[in-house]
Amino acid sequence: MTSNRAKEQAGASADLRVSDLDVRFGDFKALEGIAIEVWPGEIVGVIGPNGAGKSTLVNALTGVVAPTAGTIELCGRALQRERPNARAKLGLLRTFQTAELFGSLSVNDNISLGIRRAVAERGRDAARIAIERLGVGPLVGLKADDLSGGERKLVELVRSVAGVPDLLLLDEPVAGVPVHDRQRVIELLRDHIARTGASTLLIEHDMEFISGICDWIYVMAAGEIIASGPWAAISTNEVVLEAYLGSSV
Ligand SMILES: Nc1ncnc2c1ncn2[C@@H]1O[C@H](COP(=O)(O)OP(=O)(O)OP(=O)(O)O)[C@@H](O)[C@H]1O
């Protein structure tokens, strides 16, 4: 992590760089002055209490919500004026808090839809490995509508990985995923990053997962970043503990 962040000084470019990002809903400032960097090979977490602005951040990154100010760069390319589909084609792929699959299609067809034309062969390899790592092989012939919520999350993750993203954006990747499958998610992400050099930005409430996977963590509260650093620093930071009003971080 430190070595990745030190790359800035060595002139490497970040996979994601968010600068001075503001989002307003009428007079309400949902995000203000957000600055986030994700470097190649990193897994970066965003945490914060309810209403902190995490979902708004995801929506701004993916183009669902228009920022009122600021810039979003993916591998050096400005994204903030691109439509959501264009952002995905450029290499920013996401999962949702509640997995979004085509319910009447098979798991296999859902995964195939994630393979971008630009990376078809690598995508098929990535899908095969992810199916194996997450143990979803027995599900591939089923209709997506017949899966449990946790299974849907795992299949959606396979689909995103199959798109061989430059940046994978995961919205609560282990919400609803049984505890015994969470380690599989961690191993898949680490393996995927090691093989492809991709990076990951994830929003998650599960602190055990966050502490076990993230190289770097940003903490949000009331629409702003109030702290950032590795878990050891974040988990003992007074400002962070205060923001969570005594709940365990
Ligand atoms: N479309 C909208 N119009 C007005 N206010 C909104 C809109 N979307 C979000 N907000 C407000 O912006 C603030 C941040 O909401 P957001 O959903 O981004 O927080 P969050 O950190 O994702 O919360 P949670 O962890 O509960 O999902 C909240 O006060 C919310 O009510």
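Residues numbered from 1 in each chain as written. Predicted model: local features only at pLDDT ≥ 70, side-chain atom pairs only at ≥ 80, totals over all residues.

S.K.: Talk me through helix α2 (residues 54–62); I want residue IDs and the actual numbers.
M.R.: A large share of α2 lies buried, amounting to seven of its nine residues. Those residues of α2 that fall on the buried side of the exposure criterion are Lys54, Thr56, Leu57, Val58, Ala60, Leu61 and Thr62. Trailing α2 by a residue or two, Gly63 shows a phi angle of about 95 degrees, which is positive. (Buried ≥ 20, exposed ≤ 12 C-beta atoms within 10 Å, placed from the backbone. Helix = DSSP H or I, 4+ residues; strand = E, 2+ residues; numbered from the N terminus.)

S.K.: A description of the sheet that holds strand β6 (residues 92–94) should follow, citing residues and the corresponding values.
M.R.: Pairing is mixed across the open sheet formed by six strands, whose spatial order is β6-β7-β8-β3-β9-β10. Two strands bound the open sheet, and with one partner strand each, they are β6 and β10 (224–229). For this sheet the average axis-to-axis angle between neighbouring strands, irrespective of direction, equals 20 degrees. Pairing analysis gives four bridges linking strand β3 (residues 43–47) to strand β9 (residues 216–221), with the strands arranged parallel. Paired with Ile47 across the bridge in β9 is Val219. (Pairing = 2+ DSSP bridges. Axes fitted to C-alpha atoms, helices over the stretch in contact; angles between N-to-C directions.)

S.K.: I'd like a rundown of the pairing of strand β2 (residues 28–38), residues and numbers included.
M.R.: Two strands pair when backbone bridges link them, and strand β1 (residues 16–25) and β2 are joined in this way by seven bridges, in the antiparallel orientation. Bridging from a neighbouring strand, Arg24 pairs with Lys29 of β2. Taking the residues that link successive antiparallel strands as the turn, the β1-β2 hairpin has two residues, and the phi of Gly26 there is positive, at about 65 degrees.

S.K.: Pulling in residues and values, what's your account of the nonpolar core?
M.R.: In this structure, Ala130, Val155, Val158, Leu167, Leu169 and Val219 are the most contacted members of the largest nonpolar core, which totals 71 residues. Looking at which element gives the most residues to this core, the answer is helix α6 (residues 149–162), with six residues. Those residues within four positions of Val155 in sequence are excluded, and the remaining contacts are Leu101, Val107, Asn110, Ile111, Val136, Leu139, Ala144 and Leu147. (Core = buried A, V, L, I, M, F, W, Y, C linked by C-beta atoms within 7 Å. Contact = placed C-beta atoms within 7 Å.)

S.K.: Please provide a residue-by-residue account of the site of the ligand, values included.
M.R.: Close contacts around the ligand come from Phe25, Phe28, Ala30, Gly48, Asn50, Gly51, Ala52, Gly53, Lys54, Ser55 and Thr56, and that covers them all. For the shell around the ligand, the secondary-structure elements that each account for two or more residues are β2 and α2. Residue composition of the shell around the ligand, by class: four nonpolar, six polar and one charged. (Near = placed C-beta within 6 Å. Nonpolar A, V, L, I, M, F, W, Y, C, P; charged D, E, K, R; others polar.)

S.K.: If you had to explain unusual backbone geometry to someone new, which residues and values would you point to?
M.R.: Look at Cys75: it is not a glycine, yet its phi comes out positive at around 50 degrees. Following the sequence through the fold, Cys75 ends up in the loop between β4 (69–74) and β5 (77–78). For Cys75, a count of 17 C-beta atoms within 10 Å translates into the label partly exposed. Unlike most non-glycine residues, Glu172 shows phi in positive territory, near 50 degrees. In this structure, Glu172 sits in the loop between β7 (167–171) and α7 (179–196). You can call Glu172 buried: it has 21 C-beta atoms within 10 Å.

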